[in-house]
Amino acid sequence: MNFAGHYSYWITVFLMIAGLYVVIARGNLIKKLIGLGIFQTSVYLLYIAPGKLIGGTAPIIASGFGTYSNPLPHVLILTAIVVGVATLALGLAIVVRIHEAYGSIEEDEILDRDLTGQEGR
Amino acid sequence: MIGEHLPALQVVVPLVAAPLIVLLRSAPLAWLLAVGVSWASLVIAVALLLQVQSGGVISYAIGSWPPPWGIEYRVDALNAYVLVLVGLVASVVAPYARSSVAAELPRERHYLFYCMYMLCLAGLLGIAITGDAFNLFVFLEISSLSTYVLIALGRNRRALLAAYQYLIMGTIGATFYVIGIGLLYLMTGTLNLADMASRLREVHELRPVLAALAFITVGVSLKLALFPLHFWLPNAYACAPSPVTAFLAATATKVSVYVLLRFYFSVFGAAFVFERLPMRGLVLTLSVLAAVTASFVAVFQQDLKRMFAYSSVAQIGYITLGIALVNENGLAGAVVHLFNHGVTKAALFLLVGGIALRTGQVTFERVAGLGRRMPLTSLGIVIAGLSLIGTPGTAGFISKWYLVLGALDRGEWWLAALIVASSLIAVAYVWRFVEAAYLREPAPGVAGSGEAPDGMLVPAWLMVAACVYFGLDTSYSLGGARAAVAVLLGGAP
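No experiment lies behind these values; they were computed from the predicted model shown.

The rules behind these values
Residues numbered from 1 in each chain as written. Chains lettered and ligands numbered in written order. Predicted model: local features only at pLDDT ≥ 70, side-chain atom pairs only at ≥ 80, totals over all residues. Helix = DSSP H or I, 4+ residues; strand = E, 2+ residues; numbered from the N terminus. Buried ≥ 20, exposed ≤ 12 C-beta atoms within 10 Å, placed from the backbone. Contact = placed C-beta atoms within 7 Å. Rg over C-alpha atoms; globule rule 2.2 N^0.38 Å. Nonpolar A, V, L, I, M, F, W, Y, C, P; charged D, E, K, R; others polar. Core = buried A, V, L, I, M, F, W, Y, C linked by C-beta atoms within 7 Å. Expected span 1.5 Å × (residues − 1). pLDDT = per-residue confidence, 0-100. Axes fitted to C-alpha atoms, helices over the stretch in contact; angles between N-to-C directions. Parallel < 35°, antiparallel > 145°, perpendicular 65-115°, else oblique.

Some remarks on the overall build of chain A
So, step 1. Summing up its helical and strand segments, chain A has 4 helices and 0 strands in all.
So, step 2. Helices (α) and strands (β) of chain A occur, in sequence order from the N terminus, as α-α-α-α.
So, step 3. Dimensions of chain A along its principal axes, counting C-alpha atoms only, are 75 × 30 × 15 Å.
So, step 4. Looking at chain A as a whole, 24% of its 121 residues are labelled buried.
So, step 5. Counting contacts in chain A only where the partners sit at least 6 residues apart, residues at least 24 apart contribute 42% of the total.

Brief notes about the overall build of chain B
So, step 1. A count of helices and strands for chain B gives 19 helices and 2 strands.
So, step 2. Compactness check: chain B gives a C-alpha radius of gyration of 21 Å against a globular reference of 23 Å for 493 residues, within 12% of the reference.
So, step 3. For chain B, the C-alpha atoms occupy an extent of roughly 70 × 55 × 40 Å along the three principal directions.
So, step 4. Relative to its full complement of 493 residues, chain B shows a buried share of 64%.
So, step 5. Excluding contacts between residues fewer than 6 apart, the proportion of contacts in chain B whose partners are at least 24 apart in sequence is 79%.

Here's the deal with the interface of chain B and chain A
So, step 1. Taken together, the contact pairs 22 residues of chain B with 26 residues of chain A.
So, step 2. Counting residues per element, the ones that place at least two in the side of chain B that touches chain A are α5 (133–152) and α6 (158–188) of chain B.
So, step 3. A total of 14 residues in the side of chain B that touches chain A trace back to one element, the largest contributor, which is α6(B).
So, step 4. Along the lines of polarity and charge, the residues of the side of chain B that touches chain A split into 16 nonpolar, 3 polar and 3 charged.

Section: the nonpolar core
All names here are of chain B.
So, step 1. Ranked by internal contacts, the top residues of the largest apolar core, which has 232 residues, are Tyr81, Met118, Ile151, Ala163 and Ala347.
So, step 2. Among the elements that line this core, the one with the most residues is α6, at 21 residues.
So, step 3. Not counting chain neighbours up to four residues away, the residues in contact with Met118 comprise Pro14, Ala17, Ala18, Ile21, Ala34 and Val37.

Observations regarding helix α4 (residues 110–129) of chain B
So, step 1. The terminal C-alpha atoms of α4(B), which comprises 20 residues, lie 29 Å apart, in line with the 28 Å expected from a rise of 1.5 Å per residue.
So, step 2. Counting buried positions along α4(B) yields 19 of 20 residues, so the element is predominantly enclosed.

Focus: helix α7 (residues 193–200) of chain B
So, step 1. Along α7(B), the residues classified as buried are Leu193(B), Ala194(B), Asp195(B), Met196(B) and Ala197(B).
So, step 2. Buried residues along α7(B) sit against β2 (72–75), α5, α6 and α10 (242–276) of chain B.

Thoughts on the confidence of the model for chain B
So, step 1. Looking at chain B, pLDDT values average 88 and 98% of them are 70 or higher.
So, step 2. Of the two predicted TM-score estimates for the complex, the pTM is 0.92 and the ipTM is 0.91.

Some points on the environment of Trp413(B)
So, step 1. By the element assignment, Trp413(B) lies in helix α17 (residues 413–439).
So, step 2. Accessibility expressed as a C-beta count within 10 Å gives 11 for Trp413(B), which makes it exposed.

Here we look at the packing of helix α3 (residues 77–104) of chain B against α4(B)
All names here are of chain B.
So, step 1. Closest axis-to-axis distance for the α3/α4 pair is 10 Å, and the angle between their directions is 170°. Relative to α4, the element α3 is oriented roughly antiparallel. For the pair α3 and α4, contact is made by Asn79, Val82, Leu83, Val86, Ala90 and Val101 and by His110, Phe113, Leu121, Leu124, Leu125, Ala128 and Ile129, respectively.
So, step 2. The residue makeup of the contact of α3 with α4, split by class, is 11 nonpolar, 2 polar and no charged.

With respect to unusual backbone geometry
Residue and element names in this part refer to chain B.
So, step 1. With an omega of 10°, the peptide bond running from Pro67 to Pro68 counts as cis.
So, step 2. The residue Pro68 is located in the loop between β1 (58–61) and β2 in this model.
So, step 3. The amide bond that connects Phe227 to the next residue, Pro228, takes the cis arrangement and shows omega of 0°.
So, step 4. Of note, Pro228 is situated in the loop between α8 (206–224) and α9 (232–239).
So, step 5. Unusually for a residue other than glycine, Ser64 sits at a positive phi of about 60°.
So, step 6. Its location among the elements puts Ser64 in the loop between β1 and β2.

Structure representation (structure tokens):
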């Protein structure tokens, strides 16, 4: 297997697993969202990297344009980025509301306060 | 004229209604528009189903870009069936929402509720109707994002936490789905589901396809709350406002099951998934575990909403069990259970919403003696509960009957026995309600103020009547399911 030749995939998979790990391992609600962001971003790379051919051009039908890079993955990922931004914005908005209601953004403290019925600030 | 554009209108009408509602801002107008649009989508869905029954598969090219280059909306017997279910539940929940939302949300937020409701409806209808894998992801996120907002609208602060947890799980699920689609796109160079199916037959490098199957299975299973990926569901259902719970329980998970069916049977092919891979054993084991353990957990819940939420996890187990049977009767049972369980759960959560309105909380202490305070609501819950158990004469019986037949067709009598046994656990938790409502004295201090308002009781009872009707006359529900199964087992759409 050509290790160096597949370096973009190695980066993708590393980011994917790192992001997912942060989501699972961290108790801080903001840090979880950061992990989620990294996880989603890795997928953008997964789509975009194979779309690029070295020496490839935009798909123009004319003489002198022989190898094309595929533009479709970029368009798809543009959509996915919009979705990612919306998710992150909504996630952060919910965290703000959680902070108002509980006075904390640490998962264990929040669950504690739910059990004891303690009010936030 | 307008008939040929029905597939686009199915999604566009609720999608346009959402920003219109934000512009209107007035709560009564927003509600009227939401009801009108929900009814319109039911009419369109039924018209599409009739068109499919008489004229076969409808292929609609969005923006006149011919598939596989443009996005194709493709309606066949299976997704027309799902569209009708979503449209039906939406049209019953929308009128119900008025009294419920008025009681549960501050007045200045009412229009936002209806806006999100329309977006969620558009997303769910879009998932069901589109024939493009990436378009499906976009609709999945439209419906999911609006669902997170709807859940966060719940009165209790726990609703916020439930929405956050669902946001994390749902996003991971959707991202897994996109990874799977990405791998399939790398192997086939197409995003059109039908085109993808035919090109996959020529792919010889199997490993990326297997990875894609794994990612899509896990991603979609998170969305449909297949055991053991169901942890977000009970919190989300218990904390969300009542109309939201009823709408989600009856449609969101069902649409995700549709996505799973579509990928297993139409894209990868049943032979690949269930014969060459050990997927059958895996799905079967998880389904049986879901049906048994979630039913057990439901018995020990103190809160009606939470109890029925766990029961939903169990019922989803029955549906995936039917998928894993991979024969005509089993699949018919699974597809008809999509519909029957949707109707049953909608009835239950709508009625429980009425109790929540009158008593505040729906714990078992609060519902003690409910049979005298709210006789119609209690009777409705008992009838819908019977359908949940699968008593003959109710809708639930039809689906369980076909699941058992499917298991016996494969010669797996132990599986049939397990289906019946887990239904008996359902008897236990429905009985807990009967015992509390009819045999216990009401706790002092919870003097009820009578039945829920008519605006809530009438839609709920419509669903209860549907539970009984579809148990007696199966020509529509089972007929539609059989046509859908013919599509699934007939190979590519």
